Amino acid sequence: MSGHRLLFCRGCAGQLYAVCTTDRAGRGGRGTVGDWEVDHEMPVVCPLSSLLPLTGTAASVHELPGAQEVLGPAY
């Protein structure tokens, strides 16, 4: 995945990966949306493990349900 900063977990500060597997026309034919998966790059003990992996359809990884709770600030 390219085009965005590194993603970190708010629960453990571990690095996350983000994969967008499908791009298609968004609602009303505007923009593109993708099917996303976000999870820890390495297995870790994390207090937010029950929220991961984040999956869903969104225009941006930051628009996924639960992204505000899981995605930490970019470094």
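Residues numbered from 1 in each chain as written. Predicted model: local features only at pLDDT ≥ 70, side-chain atom pairs only at ≥ 80, totals over all residues. Heavy atoms only, no water.

Q: It is not clear to me how the confidence of the model for the chain should be interpreted in this structure. Could you clarify?
A: Close inspection of predicted coordinates is inappropriate for parts of the model with low pLDDT. Summary statistics for the chain give a mean pLDDT of 85 and a share of 80% for residues scoring 70 or more. Here strand 2 (residues 15-25) is the element of the chain with the lowest mean pLDDT, 82, and helix 1 (residues 67-70) is the one with the highest, 96. (pLDDT = per-residue confidence, 0-100. Helix = DSSP H or I, 4+ residues; strand = E, 2+ residues; numbered from the N terminus.)

Q: Sorry if this is basic, but what is going on with the state of the cysteines here?
A: In a disulfide, the sulfur atoms of two cysteines are held together by a covalent bond. Evaluation of the coordinates by the stated rule reveals zero disulfides. In this model Cys-46 remains outside any disulfide bridge; the closest cysteine sulfur is found in Cys-9, 3.5 Å from its own. (Disulfide = S-S within 2.5 Å.)

Q: How should I be thinking about the nonpolar core in this particular structure?
A: If you look at soluble globular proteins, the nonpolar side chains tend to sit buried side by side. Counting residues in hydrophobic clusters, the biggest one holds 16 residues, and the most contacted among them are Leu-16, Val-38, Leu-54, Val-61 and Leu-64. Breaking this core down by element, the ones donating at least two residues are strand 2, strand 3 (32-40), strand 4 (54-58) and helix 1. With residues near it in sequence (within four places) discarded, Leu-16 still touches Leu-7, Phe-8, Cys-9, Val-38, Asp-39, His-40, Glu-41, Leu-52, Val-70 and Leu-71. (Core = buried A, V, L, I, M, F, W, Y, C linked by side-chain atoms within 4.5 Å. Buried < 20%, exposed > 50% of the residue type's maximum accessible area, 1.4 Å probe, protein only. Contact = heavy atoms within 4.5 Å.)

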